[in-house]
Amino acid sequence: METSVFFEYIEPSFKEFFRRIRDISADYQYILCEREGIPVGYAYAYRYLERKAYKWDVETTIYIPPETQGKGVGKILYTALEEFLTLQHIKNLYACITVGNDASIAFHKFFGYKTLGIFPRSGFKNGCGESIVGMGKTLGDFTSIPPLPIKFSSLSIEAKTEILDRINNKLDDIKS
């Protein structure tokens, strides 16, 4: 894969992609958006660090293919992602973005992420060391210890349905 947006060297197989979705979905949501059976974007969160003190922290990821960018799909997915994470009592969101991916940096700033720092040459790809911009955002008030996070599977079906219905309605508006 020639892009430095992903730090994969080869495109994951369907089986590997499915395994990743299954593993992430054990605790967090993995939102895949498709039109007529073709993926047009996805967003998900996963545990940032394993130590217990970080259990309120996640790393967020979003991917919108170039032909879908600029149509509002990303904003719909990230809004829903944050709604799910808020219900799960998650407080800190982190994003790692390749330096030079100005569109993604602007997207995250739109959502209130702040630049936390640069990880120089933290990944080697396409013949050079790629640096990463670390960005972060806090959801809601975080002045005292929040309730323990809950798994995505523990959220009520009504809450999940409400958010997913909103996603579908907004995506229908984009199609029109």
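Higher on the page you've got the structure.
The structure presented is a predicted model; accordingly, all values stated were derived computationally and were not measured. (Residues numbered from 1 in each chain as written. Predicted model: local features only at pLDDT ≥ 70, side-chain atom pairs only at ≥ 80, totals over all residues. Heavy atoms only, no water.)

Here Glu82 lies in helix 2 (residues 73-87). What makes Glu82 buried here is its relative accessible area of 11%. In contact with Glu82, not counting residues within four places along its chain, are Leu93, Phe111, Tyr113, Lys137 and Leu139. (Helix = DSSP H or I, 4+ residues; strand = E, 2+ residues; numbered from the N terminus. Buried < 20%, exposed > 50% of the residue type's maximum accessible area, 1.4 Å probe, protein only. Contact = heavy atoms within 4.5 Å.)

The geometry of an aromatic ring pair comes down to the distance between the two centres and the angle between the two planes. Evaluated as defined, the whole model comprises 13 aromatic pairs. Each ring, one from Tyr78 and one from Phe107, has its centre 5.1 Å from the other, and the planes form 55 degrees; the classification is tilted. One end of the pair, Tyr78, is in helix 2; the other, Phe107, is in helix 3 (residues 102-110), with 29 residues separating them in the sequence. Each of the two residues, Tyr78 as well as Phe107, counts as buried. Arranged with centres 5.1 Å apart and planes meeting at 45 degrees, the rings of Phe107 and Phe111 form a pair that is tilted. The pair formed by Phe107 and Phe111 is uniform in burial state, with each residue classed as buried. The structure contains a cluster of three or more aromatic residues connected by ring pairs, namely Phe17, Tyr30, Tyr42, Tyr44, Tyr46 and Tyr63. Stacked on the ring of Phe110, the Lys or Arg Lys75 has its end atom at 4.2 Å from the ring centre. Here the basic side chain of Lys160 rests over the ring of Phe152, its NZ or CZ set 4.5 Å away from the ring centre. (Phe/Tyr/Trp six-rings, centres within 6.5 Å; stacked < 30°, edge-to-face > 60°. Lys NZ or Arg CZ within 6 Å of the ring centre and 35° of its normal.)

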